[in-house]
Structures are given as C-alpha cells and as structure tokens.
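Survey of secondary and tertiary structure
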Amino acid sequence: MTYKNFPMVPRVVFGRGSFNQLNEILRPKRLNEKAPFIFIVDDVFEGNPWMVDRIPLQFNDKIIFVSADEEPKTKCVDQYRDEIVAEFDELPSGIIGIGGGAMLDYAKAVALMLTNPGSSADYQGWDLVKYPAVYHVGIPTISGTGAEVSRTTVLTGPVRKLGMNSDFTPFDQVILDPELTKDAPKNQWFYTGMDCYIHCIESLTGTYLNAFSQSYGEKSLDLCREVFLEKDIQDDDSQDKLMMASWHGGMSIAYSQVGVAHAMSYGLGYLLGTKHGIGNCIAFNQLEEFYQEGVAEFKEMVSKHQVEIPVGVCKDLTDKEFDIMIDIALGLVPLWENALGKDWQKTITRKKLRSLYELM
Ligand code: NAD
Ligand code: ZN
C-alpha cells in the first residue's frame, strides 16, 4: 500500500476585503517588467469598477475577460496560451484567475500549458503533466466547487471531459475574500453551493473514506447545513462560511473521491453541456437509492430556498445519445468504486444507468 503524497496550496489569505491586498501579494512575484501578470476574469465583471479598478495592472499586465457560459474547453485553453505566447516576449510572471470554478480552471490550465508543450488535451488524465506551471493564483467569486484547493482542472476535450490531475496543478496562492461572492445570482449560488454539499455526501458515504477526508468532510457538511438549512437570511456570515465549506469540501475529496452524482453529471455535461453545479443537482435529485439521507436533506434545502431543479432533461434523447452519456459515466471508475466498492460493476449496468438517466 502506498499513500498519495498530496500537494496543498502553500499560501492562502482569508478575509473580507483581502482582495485589496492583491498588489502587495503579486509584487514580489514579478519576474521583470516584460513578464506580465495575466488576469483571467469572468466577463460578468467586465465594466464593474468595484472589481476591475482593484486589479493592479502595471507595465504590460493584461486582463482577459472570459465567458463562463460554457465550461472550459481544451481548445480555448490552447488558444489563450498561444495568444499569450505570441503577444509577449517572455513567459508571464503569473496567471491569476478571478471567478467561479470555470475561471479558476482556466487559470490553472493556461499556467500549466505555458510550460508544457502540445495541447492541453494531451494531459487530460492523471499525472501526465511534465513541468511545473508558471506561478498561478486563484481568487474565487462564488463558493462550492473546491477548485481553489484541488489538484485538477476540469476540461472538455475532443474525446473526453476529464481533468488535468497533477502535482503541478494546485494554485501557488489563493485569496479567499468572501465579499467577492456577494452578487452571485441566487440560483447559481445554490447550484454551486450544492456542489459542495454533494462533495461532502459522496465523500462521507464512500468506501474510500478515511479520517483525513472525514475530518474535512464533516466540517464542510456542518457549514453547508448552517448556510442552507439553519439560517434564514443570507448575510456576510453565510458568505464567509460557504467559502470555508468549499475549501473543506475540496480537501475532503482530495483524499477520497466523489461518487454517483458526479459520474452521472459528467455524462450530462459532456452530451448536453449541462454545467457542473446544476448537473449535479439534477442527478443527485434522483439518487435516493444511493444517498437516502443526503437526498432527503437536499430536497429540504431546495424547498427552503425555492430553487427549481430541472427534470426531464433526457426525455427526448436517442439511444445513441444515452449511450454517449453512459460511456462517459462508466469511464469514471474510481467514482463508482468509491461509491459502491470493488464490485460496483455487478449493480451498475448500462441498463441501470439508462433507467437513472431517464428519471433525470
Ligand atoms: P462558474 O464558474 O461556472 O460560474 C457560474 C456563473 O456564475 C457564471 O455565469 C458566472 O459568470 C457567475 N458568477 C460567478 N461569480 C459571480 C459573482 N460574484 N457575481 C455574479 N455572477 C457570478 O461556476 P462554478 O459553479 O463555481 O464552477 C463550475 C465549473 O467549475 C465547471 O466548469 C466545473 O467543471 C468546474 N469544477 C472544477 C473543479 C476542480 O476541482 N477543478 C471542481 C468542481 C467543478
Ligand atoms: Zn463537484
């Protein structure tokens, strides 16, 4: 038995308004005046002075506004990398992602692809990345994915939706400023928050569970319950707590795995473009037989916050389309093994998955 030697984010700032310290955090990391900091920023913030005026541009630093309407694609990562290489004489001093999981993943992937040759699609998988990334910083503006702590960057490529999982992927620096999440739209706040809740349930009920994962998962679950069930208002305290729930949830799955909802949500995402947060909710909503208590509690949260969880998203699909989703889901072996144990293939047949997708 060998144990994973897990890299962690070496530096983190936490606090409301800590985003104001960005300049002093970056300054010592500037390599020279020709090596820019590149800020990959969710385009929802374009023209928003509260955000943009606090991004400390100097010399040839640059902001790239990126849409989160579609989840990150390998071809977009390659394109941003190519544009940066073409525009500047030197490698950037750093890549800073500002936004939700999508922007954090873009920042990680572009930072890795500036030092690794070829296409990001070549590195989708486990431990395929060869060289350390350029310095990269993550600044979440919505809480739940755990992308700020994870060792992966989830990308949709020509043949698969899979992360670049590597020791070089985690951020060198994270800035946790819960105030940045204050304008997240309510539905999205809920879907992304539920990603965290589902990480906890899948980790805590999984066969891979161990004391490391449990300690983070239980803390994260307590925080999720406080935010989504116990509190009647959404205030500063909820933003602070959900940001830390996301962190702990991400730490919990680092040393275990996610489970059935994520496996099936990846299928929905690949075929239908359903985004991670809402896709997990659509899947989890139909998974009582695997996560009885978790799904019941999830439904309480849905009804408390009066959020709509779509149903019937698969109703018009062809056999071929179902097969594509089933192939993607079945390919995620560690997720099934975590959820159901080594013998998972005895119960998780193509027919079983088809019937579950039909419920969704
Ligand atoms: P997101 O990045 O997809 O953004 C969702 C929406 O919220 C977007 O429309 C965005 O513009 C908006 N938004 C974000 N912050 C806002 C703010 N402060 N104010 C107003 N609008 C705001 O959301 P997400 O759920 O955080 O991330 C999902 C992505 O993360 C997926 O691409 C998924 O694959 C990835 N993911 C990665 C990991 C990982 O470990 N790397 C884990 C889970 C999910
Ligand atoms: Zn997730």
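Above this note sits the structure.
Not measured: the values here are computed from a predicted model. (Residues numbered from 1 in each chain as written. Chains lettered and ligands numbered in written order. Predicted model: local features only at pLDDT ≥ 70, side-chain atom pairs only at ≥ 80, totals over all residues. Heavy atoms only, no water.)

**Details of the coordination of the zinc ion (ligand 2)**
In the first shell of the zinc ion (ligand 2), the protein supplies D195 (OD), H199 (NE2), H262 (NE2) and H276 (NE2), at 2.1 to 2.2 Å from the metal. Around the zinc ion (ligand 2) sit four donor atoms, and with donor-metal-donor angles ranging over 89 to 167° the site reads as irregular. In primary sequence terms, the donor set of the zinc ion (ligand 2) follows D-x3-H-x62-H-x13-H. Residue H262 is found in helix α8 (residues 260-272), and its partner H276 is found in helix α9 (residues 276-284); the two are separated by 14 residues along the sequence. Accessibility assignment for this pair places H262 and H276 in one class, buried. (Donors = N, O, S within 2.8 Å, 3.2 Å for Na, K, Ca; no water. Tetrahedral: all angles 85-135°; square planar, octahedral: opposite > 155°, others 65-115°. Helix = DSSP H or I, 4+ residues; strand = E, 2+ residues; numbered from the N terminus. Buried < 20%, exposed > 50% of the residue type's maximum accessible area, 1.4 Å probe, protein only.)

**A look at empty space enclosed by the protein**
Under the counting rule described, the total for this entry stands at one cavity of 30 Å³ or more. Considering only enclosed or pocket space, the largest cavity measures out at about 50 Å³ in volume. In this structure, the largest cavity is lined by N23, L26, R27, R30, F37, P56, Q58 and D61. (1 Å grid on protein atoms, 1.4 Å probe; cavity = no way out; pocket = protein on both sides within 12 Å on 5 of 7 lines; lining within 4 Å. Points joined across faces, edges and corners; volume = space filled by probe spheres on them.)

**A word on the pattern of salt bridges**
Pairing between side chains of opposite charge can happen when the charged atoms of each approach one another. Taken as a whole and assessed by the stated rule, the structure comprises 25 salt bridges. Between E297 and R225 there is a salt bridge, with its nearest N and O atoms 2.9 Å apart. Here the residue E297 occupies a position in helix α10 (residues 292-305), and R225 occupies one in helix α6 (residues 211-230), the gap between them amounting to 72 residues. In this structure E297 comes out as buried when scored by relative accessible area, which is 15%. On the basis of relative accessible area, R225 is assigned to the partly exposed category, the value being 27%. (Salt bridge = Lys/Arg side-chain N within 4 Å of Asp/Glu carboxyl O.)

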